[in-house]
Amino acid sequence: MSNLAVLPIVMPLIAGVLLAFFHNKLPLVRTLAKVLTIINFLVVLYVFYYVINNGSVVLETGGWIAPYGIILVADIFSITLVLTTNIIALATVFYAPLTLSKKQEEFYFYSFFFLLITGVSGAFITGDLFNLFVFFEVLLMASYGLIVLGGERVQLRESIKYVLINLFSSMLFVTTVAFLYSVVGTVNMAQIAERVGEVEQKGVLTTIAILLFFVFGTKAALFPLYYWLPKPYTVPNPVVSALFGALLTKVGIYSIIRIFTLIFVYQTTFTHDLFLWIAVFTLIFGVIGALSTNNIKLIIAYNIIPAVGFMLLGVGILNETAVSGTVYYLVHDMLIKAALFLLIGAIVHLTGTTDLKKMGGLIHHYPLLGWMLFLAALILAGIPPFSGFIGKLLLLQGALLNGEILVVIIGLLSSLLILFSVMKIFIRAFWGEENKEIQPNRKMANKLTIPAIFLLFFSVLLGVGAELFYPGVKNISAYLLDPEIYIQSVLKE
Amino acid sequence: MLFTIIIPLLFAIFVPAFAKWKDKIHTGYFVLLVPLSIFIYYLQFIGEDFQPISASYSWIPSLMISLSFYLDGLSLLFVLLISGIGTLVTFYSIYYLHKSERLGSFYVYLLLFMAAMLGVVLSDNIFVLYTFWELTSISSFLLIGYWHHRAASRYGALKSMMITVFGGLSMLGGLILLNVITGTTSIQAMIQQKDIILESPYLPIIMTFIFLGAFTKSAQFPFHIWLPDAMEAPTPVSAYLHSATMVKAGIFLIARFLPIFVLNEWFFVVVSGIGILTLCWGSFMAVRQTDLKGILAFSTISQLGLIMSLLGIGTKTAIFAAAFHTLNHATFKGSLFMIAGIVDHETGTRDIRKLGGLMTLLPISATLAFFGAFSMAGMPLPFLNGFYSKEMFFDATLELHDNPLVGAQLLGQAIPYLAVIGSIFTFIYSMYLVFGTFTGKAKLDQLPKKPHEAPLGMLVSPILLVIAVIVIGLFPNLVNQSFLAHTAEAISGYQIEKNIVFWQGFIPPLFMSITVVVLGALLYVTRKKWSKVYTVIPGNLSFNRVYDKIIVGVETYSSKITNSYMNGSLRRYIALIMTMIVVTTFVTIFATGGFQIKTDDLAEVSYAEIFVAVTMALAAIGTVFARNKIAAILILGVVGYGLSLLFVIYRAPDLALTQLVVETITVALFLLCFYHLPNLRKTDDTIGIKLTNGIIATSFGTMMTLVAISAHSSKWFPTISDYYVETSYKLGGGDNIVNIILVDMRGLDTLFEITVLGIAALAIYGMVKLRGEKEGE
Amino acid sequence: MEIIMSILSGILFTTGIYNLLQKQLLRIIIGTALISHGAHLFILTMGKLKRGAPPILEYDISQYTDPLPQALILTSIVISFGVTSLLLVLAYRVSKRNETDNMDLLRGNENE
């Protein structure tokens, strides 16, 4: 059954390649994309189910034993994230035809889409550090393809910044992997973990760890590395923004969680305290960014940053409660960011502007959209009983268990300001005098809202039905905090 | 108990359906059933032999979040207020809100609020309490913003939400701390463990956090500013949320945790201090208002301050008085709000300067208003409940404290005087409110509508409330043993018996009451003469302005801060990112002993390599200074070909070949793409920028070199490559180890490397073919 | 020799970053190319240099240079090639579409 681990990567790869051949037969491509996404989702669901019940699935690709070949590890953590990724894929694939132009669809949107999923799933599942680099490149390359899709002036301008920054961090990544290889003589993550543990992360290893942290921190958009993020996320089509906002930064934070719970856990007073500070500054500056603008897409793009800050908090605190908080928040944030970008995309699509000052009274035309945005705002701000609250609660509890009062105060204050930044959209766009000139298209609005409702459903379920998920998340946290389990499952010593 | 919370929520789901028939039957009639049945249900608990009951339902046990409810005297008082006033307000709203309004939304919000508020006062689990707490803020936000086409409504809604959610989050911080310290999520269990809490070093923080929650919700100074703006809500909402129930959630919270915190000496200073200050400030400011609802809003603020200060005093009398006044305030203030609504409804204005002489036109309303206002003023009349609790308040202020804090002793001395001052102003605005509206000369020409008495339906609710005022006034013991005694016991934790009588003899509280009436009447009559005082206090001092400044400031400053570094300049982004990486990495190298150098295991140096290396270095530097694009690209090529040479020297034939091919294609591509683009220019950067660029680049390069040397000097483990050498032929069936690694051992890398190339090809094809709008290339 | 190679790679990074910090697109892309070269050289240096024969199995040779870094570099070269090609075309399109190759004029403003 170990082949199960490769399915979440190979299936979208095949789909992506397949669809490239039919790219100008749009109706076929659309249907195929939807069907393939659903099949992929079901397969991943099965793998998820299997992993939950039988433990990690470890695949030694090509039959080359660990640690020599490339190892794929579908453990409870990675498969949970892959499943979440596929939920988002479902919502976006149904949304895509509504806002994309025909041309954009024809020029390989669906191929890029599936290859992005491939890269993201691969990054989650791989157990090999160099292979992680390769999957990063797959997902980045797919994201380059998506971000330039359309070729508008602004889009191209922001794309090149995006590509350049990511290119630089990729180069730093691959170099750092080589440094690490020089010291520990391997690129298999489990073996790296084992060997770093043997020498207790002495000497140059912490420096290498910090370099890796910055590589992933750049992708994850941490302070002060996130400058590249907000603008480029606003220029492509909303469905692309949703994919980016939900998935790309999360791969970065996933890698940080993985590397700094599995491998570099022997100098925590230095590394993890540093993370705590970086997390706090990420929260503060992210929130400030979110408040700084009237461009609704930009507001949501900036809101990615404080969320990453919250997740890093848990890594910095590194106790079981806080790490469960991080995991919970990670899943929550993937869903809610996708939902928010889809909702905002709907507003922009319907009104033709991103400027809040030009909107007003939309609730009369689009009540469903408005109330879903309202709900999403509450979820994002961590109002109970929704998913954001559970994650935040765990993080704050974890912080207090370590006596980090300041962190808690900043966490709470940023929640307030996050609520303000999104509620501002509700108040200014949906309340107020309606613009009589707008020709309302309620049918379109409802169509655009349904994929977001699908995602919000999971967000609400993750909060109200926390009992269904939290024990699992707690397991993940305990699992992450005990690197031996991972090492054993891969190296089988 | 759970069902009393679920019923309003369930109804909230169906209300929009009922609202479809609103032309036939007003939606309010359906809604009315909800609070009424809840009220009747809870009425049964009143009685001398009442015992607290609890019920618990599992929700998220793994997080210790359970739907556990606890009904004691304190919650009973509140649930009866919520359902009782709720019934009256709903009935009143049927006549107040016309069928043309969006009734569905209105009642959904109202029911949401009702459920939330019931949840707040019944929850024993702190996180469930917090959930309902935030839901009250949200439903209040929606209700204030009900007429959202008005800018003032939107402003008020946002303001109330920002301030109360701020408090809610602060309270959450306090609750989590309590949870972490005690290991429980049940309030009753926490009270059992109060010693642990009182000895915790976090106690000051816990108290601050929880008090902030209570003070913001109950509109205590200086957080009171949201309440006057909340008056933009429809009047039934103001009467309900912003006078009788939601604003008392803060009172409830303090009362709930009183058994723990009262044992700390700061409790009195902070709670009573803020409370009495709020009492004085609120009543003082109420006199200045011209809007009827504005007067009532500030009046509510000051009355909440009064109750808060009573809780802070924390003696038997004080606690009983707090419970008593909570009840009384709901009755008289509720009726006054409804009358204000009637006046507004019938005359079209709430501006007291345009009103006057309505006594003859609205005789019933006027009579009701007089009862309400006189009760509020604490007029010593045996049929007004306000007098009793006010008297008890004075009594409580006189009780001495054995609190060791200096501040507490000072406050203890000052409180009776402050109480009298606050009450004098209360007296003044109460008189102003009724006499200004109903007596004097009618200015009918200034009124938008021709006034006449309200329909009976609208009058029913205030009449019932005024009847309550009178009945409690005449027979205060009706609510004593069977009801308020339980409340007081629930708050304090021990039995409190209190005899409520009208005439207690010539004791200090009586003199205080008389002072209030005499001075109050005097100042009311002469108010025009001293009203100039408001130009000095508050004058320009306004907490509203502080809020506005904060809100506007938050937006402008965050724009300023953000735009100062997010200026879209790629150079700036890269420079900042690199600086951060370089600085942190150097710090790490020094802090963790990261630098190592070992020279015993190095390859020997040969001239050929040195020559290639120097050439490459010079070429690399040359790219910086090149002024011609073709030259720059070719110099870059030199670096690339140099690299292939190095690959040859270092025994990597496959690499050398690949590098050679790739370099050639890349150079060709470079030339192709940049042929049409402008030539390289001399940079116009200032010397400073050049210098920073240089420093950043050099330090980054140095850092990489240092880490590389350290990494190379720390080869502590055998490499896995040995295995590849051994098995390449045996298992991989090939001689070329690199090839075997690529296609077999690490075949997955290669598969996805090809994928990357494929995607790049598609993306490039897309870019070339798919042009944006209006581009005719 | 490894130390000299590390310094050379450091110089490639330095010049690459210096170019990356310039305004003109061509310089910036030259910068990225230099950085890739630097990175590849670093990887190669991290396997020991010149310790044995090229990693192609031959009779009676037992000492080979470390093949793994070579495999990694190969993968990386190909990927870098893909990215660089995309970047070049993108740069071309950006400068055509925005009518400038100066990144300082490509900052954009808030309302776009």
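The rules behind each value
- Per chain, residues are indexed from 1 in the order of the written sequence.
- Chains and ligands are labelled by the order in which they are written, letters from A for the one and numbers from 1 for the other.
- Note on the predicted model: pLDDT of at least 70 is required for a residue's local features to be given, and 80 or more for side-chain atom pairs to be given and counted; whole-chain, interface and lining totals, by contrast, use all residues.
- To obtain the side-chain values, all non-hydrogen atoms of the structure were included, while hydrogens and water were left out.
- Strands are runs of DSSP state E lasting at least 2 residues, helices are runs of H or I lasting at least 4, and numbering of each runs from the N terminus.
- Throughout, exposure labels follow a simple rule: accessible area from a 1.4 Å probe, protein chains only, divided by the maximum for the residue type, with under 20% read as buried, over 50% as exposed, and the rest as partly exposed.
- For this analysis, residues touch if any pair of their heavy atoms sits within 4.5 Å.
- Using the Shrake-Rupley algorithm and a 1.4 Å probe, accessible areas are obtained, with residue cover drawn only from the displayed protein chains.
- When charges are tallied, Lys and Arg are placed among the positive residues and Asp and Glu among the negative ones, while His and the ends of the chain are skipped.
- Throughout, a charge is located at the NZ atom of Lys, the CZ atom of Arg, the CG atom of Asp or the CD atom of Glu.
- Geometry of aromatic contacts follows a simple scheme: Phe, Tyr and Trp rings, the Trp one being its six-membered ring, pair when their centres are within 6.5 Å, and the pair is stacked under 30 degrees between planes, edge-to-face over 60, tilted otherwise.
- Accessible-area loss on putting two parts together, using a 1.4 Å probe and summing over both, is the definition of buried area adopted here.
- Salt bridges, as used here, are contacts in which a Lys or Arg side-chain nitrogen is within 4 Å of a carboxyl oxygen on Asp or Glu.
- Any N or O atom pair separated by 3.5 Å or less is treated as a polar contact, with the protein-specific requirement of one donor-capable and one acceptor-capable atom, and with residues adjacent in sequence counted only for side-chain atom pairs.
- By this rule, a helix spans an expected 1.5 Å times one less than how many residues it contains.
- Note: domain ranges come from an automatic or database domain assignment.

Chemist: Talk me through the overall build of chain C; I want residue IDs and the actual numbers.
Modeler: On a plain count of helices and strands, chain C comes out with 3 helices and 0 strands. Projected onto the principal axes, the alpha-carbon positions of chain C cover approximately 70 × 25 × 20 Å. In chain C, which comprises 112 residues, the share counted as buried stands at 79%. The long-range share in chain C, meaning contacts at least 24 apart out of those at least 6 apart in sequence, stands at 49%. In the structure as shown, chain C presents an accessible area of about 2800 Å², 53% of it carried by carbon and sulfur atoms. Where the 9 positive side-chain charges of chain C centre and where its 9 negative ones centre are 5 Å apart.

Chemist: Just give me the short version of the packing of aromatic side chains, but keep the residues and values in it.
Modeler: With the rule as written, the count across this model stands at 83 aromatic pairs over all chains. Between Y144 of chain A and Y162 of chain A, the ring centres sit 5.8 Å apart and the planes meet at 85 degrees, which makes this aromatic pair edge-to-face. With a gap of 18 residues between them, Y144 of chain A in helix α5 (residues 129-147) and Y162 of chain A in helix α6 (residues 153-184) connect regions that are remote in the sequence. For Y144 of chain A, a relative accessible area of 1% gives the class buried. Centroid distance F3 of chain B to Y41 of chain B: 5.0 Å. Interplanar angle 75 degrees. Geometry classified as edge-to-face. In this pair, F3 of chain B is assigned in helix α1 (residues 2-18) and Y41 of chain B in helix α2 (residues 27-43), connecting sequence segments 38 residues apart. F3 of chain B sits in the partly exposed class, given a relative accessible area of 39%.

Chemist: Would you mind going over the interface of chain B and chain A in detail, with residue names and values included?
Modeler: Taken residue by residue, the interface counts 105 residues in chain B and 119 residues in chain A. In this assembly, chain B packs against chain A so that about 9800 Å² is buried in total across both faces, 79% of it on carbon and sulfur atoms. Remark: the boundary between chain B and chain A carries 3 salt bridges. Between K424 of chain A and E555 of chain B there is a salt bridge; the shortest N-O distance is 2.9 Å. For the interface between chain B and chain A, the tally reads 19 residue pairs in polar contact (both at pLDDT 80 or more).

Chemist: Can you lay out helix α15 (residues 316-347) of chain B for me, pointing to particular residues and giving the numbers?
Modeler: Taking 1.5 Å as the rise per residue, α15 of chain B with 32 residues should run 46 Å; its terminal C-alpha atoms sit 46 Å apart, in good agreement. Buried residues dominate α15 of chain B, accounting for 30 of its 32 residues.

Chemist: Give a description of the interface of chain C and chain A that names residues and reports values.
Modeler: Counting residues at the interface gives 38 residues for chain C, matched by 36 residues for chain A. Here chain C meets chain A over a buried area of about 3300 Å², counting both sides, of which 75% is carbon and sulfur. Across the contact surface, chain C and chain A share 1 salt bridge. Between R97 of chain C and E152 of chain A there is a salt bridge, with the nearest N and O atoms lying 3.6 Å from each other.

Chemist: So what about the side chain of E105 of chain A? Which residues, and what values?
Modeler: Residue and element names in this part refer to chain A. Examined against the element boundaries, E105 turns out to sit in helix α4 (residues 102-125). Only 2.6 Å separates the side chain of E105 from the side chain of R30, close enough to count as a polar contact. Here E105 is in contact with L26, R30, P97, L100 and Y110, once residues within four sequence places are set aside.

Chemist: For helix α27 (residues 629-649) of chain B, give the residues involved together with the corresponding values.
Modeler: Spanning 21 residues, α27 of chain B covers 30 Å between terminal C-alpha atoms, matching the ideal 30 Å at 1.5 Å per step. Along α27 of chain B, the positions that sit buried rather than exposed are K629, A632, I633, L636, G637, V639, G640, G642, L643, S644, L646 and F647 of chain B. Summarising the contacts, the buried residues of α27 of chain B are in contact with α26 (607-625) and α28 (653-674) of chain B together with α1 (2-20), α2 (25-46) and α3 (67-98) of chain C. The opening residue of α27 of chain B is N628 of chain B, an N-cap whose side-chain oxygen sits 2.8 Å from the backbone nitrogen of I630 of chain B. R651 of chain B sits one or two positions beyond α27 of chain B and adopts a positive phi of about 60 degrees.

Chemist: Pulling in residues and values, what's your account of the domain arrangement of chain B?
Modeler: When the domains of chain B are assigned, the result is domain 1 (266-533), domain 2 (536-566), domain 3 (568-716) and domain 4 (719-777). A separation of 24 Å is found between the C-alpha centroids of domain 3 of chain B and domain 4 of chain B.

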